[in-house]
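Chain residues, written in single-letter form:
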Amino acid sequence: MAARASRLTRFNIAALALGFAFLYLPIVILVIYSFNASKLVTVWGGWSLRWYGDFFNDQAMLAAAWMSLRVALVSATAATLLGTLAAVALSRGGHFRGRTLFSGMLYAPLVMPEVITGLSLLLLFVALDAERGFWTVTIAHTTLTMCFVAVVVQSRLGSLDRSLEEAAMDLGCDPVRAFFAATVPLIWPAVAAGWMLACALSLDDLVIASFTTGPGSATLPIRIYSEVRLGVKPEINAICTLIIGVVTLVIVAASLASKLSSARGESAAPL
Amino acid sequence: MAEDIANSGTLPDSVDTRLPPKDAPLLRIDAVEKRFGGFVAVDELSLEIRTGEFFALLGPSGCGKTTLLRMLAGFESPDRGRILLNGQDIAAVLPHQRPVNMMFQNYALFPHLSVAGNIAFGLKRAGLPGAEIADRVAEMVALVKLEGLEKRRPDQLSGGQQQRVALARALARRPQLLLLDEPLAALDKKLRESTQLELMALQRRLGTTFVIVTHDQEEAMTMADRIGVMESGRLEQVATPRQLYEAPVSRWVAEFVGDINIFEGTVEARDGGRLTIATRDAGAIVAAAPRQPGETTRICVAIRPEKVRLSRRGPVADAVEIGAINRLEGVVTDVSYLGGLTGYTVKLDDGALVRASMANIARLDIDSYAAGQRVVAWFSPDDCVVLER
Ligand SMILES: Nc1ncnc2c1ncn2[C@@H]1O[C@H](COP(=O)(O)OP(=O)(O)OP(=O)(O)O)[C@@H](O)[C@H]1O
Ligand SMILES: [Mg+2]
């Protein structure tokens, strides 16, 4: 928008190009080399899909990918539920005592170093004597992503007109039904965006997963990381390209959903 | 109680042409109080509203009108007192179970539903069969003249159309009581005036009891059978528009509703139905005594500007002598031409400023006065209202 309003000078174009090169050159190189026919990472040997084939035959990698996907889906769903409930409670609970403290505490994990979150969860699971594996990683990821969902949904709820729900009650809905009839249709894009964000975060996470996982249940990032330590195989490039593809899709979908949500919001605002 | 005082005011009963039907009260508000923290928003308020009545709540901003309406709809619960609908206490009845619907000030239309969807919303909740819902929606759409717009979303409608949708949605469930919170505030003057007439016609046709909140006194006077004037959480007066204007019960109401001249003074003589009042800055004024004489002698005399007449010479001296006419002399200081009316301000020789308004009954200005001209302002004692200070 701003770029359209002001003129694109040569300087602006150069600055933009430099910035984007800085951000995306490494990724572009990775994507290109994932199609490299040569076994040596540093030598270009022509185009090939060989490493993608290798990945789809690597049982250990596929298992890790499947694990990551399951963790992402389950934890994102749980985080969306919990995060939405927290957002509703915080924005609808009125000004109860300690409300500011609670919303502050909801935001704190956003800036908490992952190492600390991971370590504290590990300590908790050890203390509970829980068998580490799929469920512990899923719970850990739910903890991590739920506050992101809560933030997204809360900002949407804050801009909603409270009288819509009252109108629904006035027209015969009990309070719970009024919430589902008048509020949910207006916040679902934000909820969906939160879910996708949670998915993407869970797919990305290495630190917390490596703290909380157990033997034999590595997620994809853990698996990749341990492979890379033994030397970069071109197969990793292929996997990373696939992950980039998936995450990009999810992020684009999430931003579309939240755009839809705020477009609805503008029409929801009275006059 | 306020109503009793108004009924026993100086006004003959025959002038009241708009008496509401004399049915049993639909709604009884009994000493209701609502506090927000330490702040009293509604203060021991009692009121009865009859079936089929068009009742207006009028008052300055922040006096508790919305709070009272929200208690009737069930969104707030009274801290004290009772609200009876058809004789039954509805304190424990949740909003969705009350036979009461509300039209919100901001309309609160569901943005994700079409016009028809909005109107059908309450009908679906009531569990009506689909065919009947379709019929009722069509009926409501016709009632508020929105034919052809059924499929539009609220953000594709003008303010006036949105307001009609909100009205149709609130009426669709056929409530016994319809609450309207400043329904016309968002409309421009022309549209507001035509909508007022439509609302009145609609209310007569349906026979639904309407309670409307407004801070526009002209709107209240145009539409309502009775008006309740609120101030700081209390009802100052409940009366027909005419009684409210011609027989206000307090100085506050007199000044809040319409324009009025007020002269402070003390009672000097009492002679049957006449009081002679010595005013501070307008000489002696003779006024009709209120039917319920007050104890205090420190009072004020109020007279509406349109009841003050101006002339070059004034009425015959005999009439003044016998106290049939009040006659005050002064100089015109200000003239404002308003089209149908001309407003004059006259500075009396005794010091007070008197406002008079005269209808411009002729096109040519034969009847007008210029600033600086000496005039006589005169009015009948029967047009004066005596109020406590
Ligand atoms: N939820 C609340 N918490 C605290 N105070 C409130 C609340 N709702 C209303 N009040 C106060 O109660 C008083 C009456 O409010 P209300 O909304 O009934 O006024 P109103 O007569 O409708 O005014 P307006 O004409 O401006 O709409 C106001 O002083 C307001 O500040
Ligand atoms: Mg209000």
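It should be emphasised that the depicted structure is a prediction, and the values quoted were computed from it without experimental measurement.

Turning our attention to the overall build of chain B. Across its full length, chain B holds 10 helices and 20 strands. Each of the three principal axes of chain B carries a C-alpha extent, and together these read 80 × 50 × 40 Å. Counting only residues that meet the buried cut, chain B has 50% of its 389 residues in that class. For chain B, restricting intrachain contacts to residue pairs at least 6 apart in sequence, the fraction spanning at least 24 positions comes to 68%. On chain B, roughly 17900 Å² of surface is accessible, and the fraction owed to carbon and sulfur atoms is 50%. Across chain B, the mean location of the 47 positive side-chain charges is 5 Å away from that of the 51 negative side-chain charges.

Let's shift gears to helix α11 (residues 220–229) of chain A. Listed in full, the buried residues belonging to α11 of chain A are Leu220, Pro221, Ile222, Ile224 and Glu227 of chain A. Taken from the residues just after α11 of chain A, Gly231 of chain A is the one with a positive phi, measuring 120 degrees.

A few words now on the sheet that holds strand β1 (residues 25–36) of chain B. Residue and element names in this part refer to chain B. Here we have four strands laid out as an open sheet, ordered β2-β1-β4-β5, and antiparallel in their pairing. Only two strands of the sheet have a single partner each, and these edge strands are β2 (39–50) and β5 (88–89). Here strand β4 (residues 80–85) pairs with β5 via two bridges, running antiparallel. The partner of Leu84 across the bridge, within β5, is Asp89. Helix α2 (residues 65–73) rests against β1, β2 and β4 of the sheet, and its axis sits at about 120 degrees to β1.

Take the environment of Ile262 of chain B next. Residues and elements named next belong to chain B. By the element assignment, Ile262 lies in strand β11 (residues 261–271). Along the sequence, Ile262 and Gln156 sit 106 residues apart, while their C-alpha atoms lie 50 Å from each other. Filtering out sequence-adjacent residues up to four positions away, Ile262 remains in contact with Arg251, Glu255, Cys300, Val301 and Ala302.

The next point concerns the confidence of the model for chain A. Confidence in the prediction of chain A, expressed as mean pLDDT, is 84, and 93% of residues score 70 or more. Contacts from residues 265–271 of chain A, a stretch scored under 50 in pLDDT, to residues over four places away or in other chains number 10 contacts.

This next bit is on the side chain of Thr213 of chain A. Residue and element names in this part refer to chain A. Looking at where Thr213 falls in the secondary structure, it is placed in the loop between α10 (207–212) and α11. Judged by relative accessible area, Thr213 falls into the buried class, the value being 11%. When sequence neighbours within four positions are dropped, the list of residues in contact with Thr213 reads Met67, Arg132, Gly133, Val137, Ala218 and Ile222.

Taken as a whole and assessed by the stated rule, the structure comprises 28 salt bridges over all chains. In this structure, the salt-bridge partner of Asp30 of chain B is Arg28 of chain B, at a minimum N-O distance of 3.3 Å. The partner of Arg80 of chain B in a salt bridge is Glu33 of chain B, and the shortest N-O contact between them spans 3.4 Å. Taken together, the residues Arg80 of chain B in strand β4 and Glu33 of chain B in strand β1 connect sequence positions 47 residues apart. Accessibility expressed as a relative area gives 5% for Glu33 of chain B, which makes it buried. Look at the salt bridges and you will find they share partners, linking Glu166 of chain A together with Lys34, Arg70 and Glu76 of chain B into a network.

Let's shift gears to the environment of Val191 of chain A. Residue and element names in this part refer to chain A. Position of Val191 among the secondary structure elements: in helix α9 (residues 175–204). Exposure remark for Val191: the relative accessible area of 19% places this residue in the buried category. Taking the C-alpha atoms as reference points, Val191 and Ala108, 83 residues apart in sequence, are found 20 Å from one another. When sequence neighbours within four positions are dropped, the list of residues in contact with Val191 reads Thr80, Thr84 and Val153.

Take the interface of chain B and chain A next. Counting residues at the interface gives 25 residues for chain B and 22 residues for chain A. Surface buried jointly by chain B and chain A totals about 2100 Å² across both partners, of which 66% is contributed by carbon and sulfur atoms. When the area that chain B buries against chain A is broken down by residue, the three leading residues are His96, His112 and Arg125 of chain B, summing to 27%. Run the count over chain B and chain A and you get one salt bridge. For the interface between chain B and chain A, the tally reads eight residue pairs in polar contact (both at pLDDT 80 or more). Secondary-structure elements contributing two or more residues to the side of chain B that touches chain A are α2, β6 (100–103), α3 (115–125) and α5 (159–172) of chain B. When the residues that make up the side of chain B that touches chain A are grouped by side-chain class, the tally is 13 nonpolar, seven polar and five charged.

Leu57 and Leu179 of chain B are the most contacted members of the largest nonpolar core, which has 58 residues in total. Residue contributions to this core peak at 10 residues, all from α9 of chain A. Among residues more than four places away in sequence, those in contact with Leu57 of chain B are Lys65, Leu68, Leu69, Val211, Ile212, Val213, Thr214, Gly228, Met230 and Leu235 of chain B. Listed in part, the 45 residues of the second largest apolar core include Tyr107, Ile119, Leu123 and Ala172 of chain B.

Let us now look at the site of ligand 1. All names here are of chain B. Surveying the vicinity of ligand 1 reveals the residues Phe36, Phe39, Ala41, Ser61, Gly62, Cys63, Gly64, Lys65, Thr66, Thr67, Glu182 and His215. Contact between ligand 1 and Thr66: an oxygen atom at 2.6 Å from a side-chain N or O atom of the residue. Burial of ligand 1 by the surrounding chains reaches 60%, relative to a free accessible area of 640 Å². Secondary structure elements with two or more residues in the shell around ligand 1: β2 and α2. Considering every element that reaches the shell around ligand 1, the biggest residue donor is α2, with three residues. Grouping the amino acids of the shell around ligand 1 by side-chain chemistry returns four nonpolar, six polar and two charged.

All names here are of chain B. Positionally, Phe55 belongs in strand β3 (residues 54–58). A sequence separation of 171 residues divides Phe55 from Arg226, and the C-alpha atoms of the two residues are 5.2 Å apart. Discounting chain neighbours no more than four positions away, the residues touching Phe55 are Leu47, Ile49, Phe210, Val211, Ile212, Ala224, Arg226, Ile227, Gly228 and Val238.

Cut-offs used in this document
Each chain carries its own residue numbering, running from 1 in the direction its sequence is written. As they are written, the chains are lettered A onward and the ligands numbered 1 onward, keeping that order. For this predicted model, a pLDDT threshold of at least 70 governs which residues receive local features, and a threshold of 80 or more governs which side-chain atom pairs are given and counted, while totals over whole chains, interfaces and linings are taken from all residues. To get the side-chain values, all heavy atoms of the structure are used, and hydrogens and water are removed first. In DSSP terms, a helix is any run of H or I states spanning at least four residues, a strand is any run of E spanning at least two, and both are numbered starting from the N terminus. Categorising residues by exposure relies on relative accessible area from a 1.4 Å probe, with only protein chains included: less than 20% of the type maximum marks a residue as buried, more than 50% marks it as exposed, and the intermediate range marks it as partly exposed. Whether two residues are in contact is decided by their heavy atoms: any pair within 4.5 Å suffices. Surface accessibility in these figures is a Shrake-Rupley result with a 1.4 Å probe; residues are shielded only by whichever protein chains are displayed. In this tally, Asp and Glu contribute negative charge and Lys and Arg positive charge; neither His nor the terminal groups of the chain are included. In this description, the location of a charge corresponds to atom NZ of lysine, CZ of arginine, CG of aspartate or CD of glutamate. DSSP bridges decide pairing: two strands pair if at least two such bridges lie between them. Note on geometry: axes are lines fitted to C-alpha atoms, helical ones only across the stretch in contact, with angles between N-to-C directions running from 0 to 180 degrees. Within a predicted model, pLDDT stands for the predictor's per-residue confidence, ranging from 0 to 100. Should a side-chain nitrogen of Lys or Arg be within 4 Å of a carboxyl oxygen of Asp or Glu, the pair is scored as a salt bridge. For any pair of parts, buried area is found by adding up, for both, the accessible area (1.4 Å probe) each one loses once the two are put together. Polar contact criterion, stated in full: a pair of N or O atoms within 3.5 Å, where within protein one must be able to donate a hydrogen and the other to accept it, and residues adjacent in sequence count only if both atoms are side-chain atoms. Residue type decides the class: Asp, Glu, Lys and Arg count as charged, Ala, Val, Leu, Ile, Met, Phe, Trp, Tyr, Cys and Pro as nonpolar, and the leftover types, Gly among them, as polar. Only buried Ala, Val, Leu, Ile, Met, Phe, Trp, Tyr and Cys residues count toward a nonpolar core, and they belong to the same one when joined by side-chain atoms within 4.5 Å. Nearness is judged by heavy atoms alone; a residue qualifies as near a molecule or strand once a single heavy atom is within 4 Å of it.

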